[in-house]
Amino acid sequence: MLPLIRHAEPADIAAVKAIYDTPLVYANTLQLPFQPMAKWQSLFEPQAGFYNLVAELEGEVIGQLGLQVMQNPRRRHAADIGMAVAEAYQGQGVGSSLLRAALDLADNWLALRRIELLVYSNNDSAIALYERFGFEVEAELTDYAFQYGNYINALQMVRINADL
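Description of the structure in this document. The model shown is predicted, which means the values in this text are computed figures rather than measured ones.

The next subject is the nonpolar core. Inside soluble globular proteins, nonpolar side chains tend to come together where they are buried. With 44 residues, the main nonpolar core has Leu-65, Leu-67, Leu-99, Tyr-130 and Phe-135 as its most contacted residues. At the level of secondary structure, the elements contributing two or more residues to this core comprise helix H1 (13–20), strand S2 (50–57), strand S3 (60–69), strand S4 (78–85), helix H4 (94–108), strand S5 (114–120), helix H5 (124–132) and strand S7 (150–160). The biggest single contributor to this core is H4, with 6 residues. Residues contacting Phe-135, with those up to four places away along its chain left out, are Ile-81, Leu-99, Leu-103, Ile-115, Leu-117, Tyr-130, Met-157, Val-158 and Arg-159.

Sheet architecture is open: 7 strands sit in the order S1-S2-S3-S4-S5-S7-S6, paired in mixed fashion. What marks the edges here is a single partner per strand, and that holds for strand S1 (4–7) and strand S6 (136–147). Between one strand axis and the next, the sheet turns through 25° on average, direction left out of account. Docked against the sheet, H1 engages S2, S3 and S4, running at close to 90° with respect to S3. Lying on the sheet, H5 is in contact with S4, S5 and S7; it crosses S5 at an angle near 165°.

With that settled, the discussion passes to the pattern of salt bridges. Applying the stated rule across the entire model yields 7 salt bridges. Residue Glu-56 is joined to Arg-6 by a salt bridge in which the shortest nitrogen-to-oxygen separation is 2.7 Å. Here Glu-56 is found in strand S2, whereas its partner Arg-6 is found in strand S1, with 50 residues between them in sequence. A relative accessible area of 22% means that Arg-6 is categorised as partly exposed. Asp-21 is the salt-bridge partner of Lys-17, the closest N and O atoms lying 2.6 Å from each other. What makes Asp-21 partly exposed here is its relative accessible area of 29%. Via salt bridges that share partners, Arg-75, Arg-114, Glu-116 and Glu-138 belong to a single interconnected network.

A separate point is a nonpolar patch on the surface. Together, Leu-30, Leu-118 and Tyr-144 make up an exposed nonpolar region whose accessible area comes to about 270 Å². One can find Tyr-144 in strand S6. A residue is classified by how much of its surface remains accessible, and Tyr-144, at 33% relative accessible area, is partly exposed.

Cut-offs used in this document
Residues numbered from 1 in each chain as written. Predicted model: local features only at pLDDT ≥ 70, side-chain atom pairs only at ≥ 80, totals over all residues. Heavy atoms only, no water. Core = buried A, V, L, I, M, F, W, Y, C linked by side-chain atoms within 4.5 Å. Buried < 20%, exposed > 50% of the residue type's maximum accessible area, 1.4 Å probe, protein only. Helix = DSSP H or I, 4+ residues; strand = E, 2+ residues; numbered from the N terminus. Contact = heavy atoms within 4.5 Å. Pairing = 2+ DSSP bridges. Axes fitted to C-alpha atoms, helices over the stretch in contact; angles between N-to-C directions. Salt bridge = Lys/Arg side-chain N within 4 Å of Asp/Glu carboxyl O. Patch = residues over 30% accessible without salt bridge, like charges linked within 9 Å, V, L, I, M, F, W, Y side chains within 5 Å. Areas by Shrake-Rupley, 256 points an atom, 1.4 Å probe, with all protein chains shown as cover.

Structure, rendered in structure tokens:
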């Protein structure tokens, strides 16, 4: 069963925090463990050009994707995305559903030509997901983040919609 993708609401804050509070998720993002609720509340405050999507299955929020349109007038054709899926639902198409919805929004409603993201170079499943949706590696960033006591590299990936 595919999840419902919708805009996140303030009632989803606790569920989104719970997704990012799990070790597998925070290890593969720039999040730290033990973040206060106030940190997540700020994600739900109105921000120019920010689209906050969640994946819901049978009333439970199981994934989140943020799409931030660049606000500099010379970069308004571009956006950055970040996403996470609850550990129990990874590998079941939730990330694909979130990404498909975000790219539909970007391509058909926001006229975004360039979608950017960062992913750790050891996150093979995420890299494969992004490649399935047309993202390509633009650069490798050495010692980008600290994970499990070691510095790790990250990949700057981009998807260009040449039709726009």
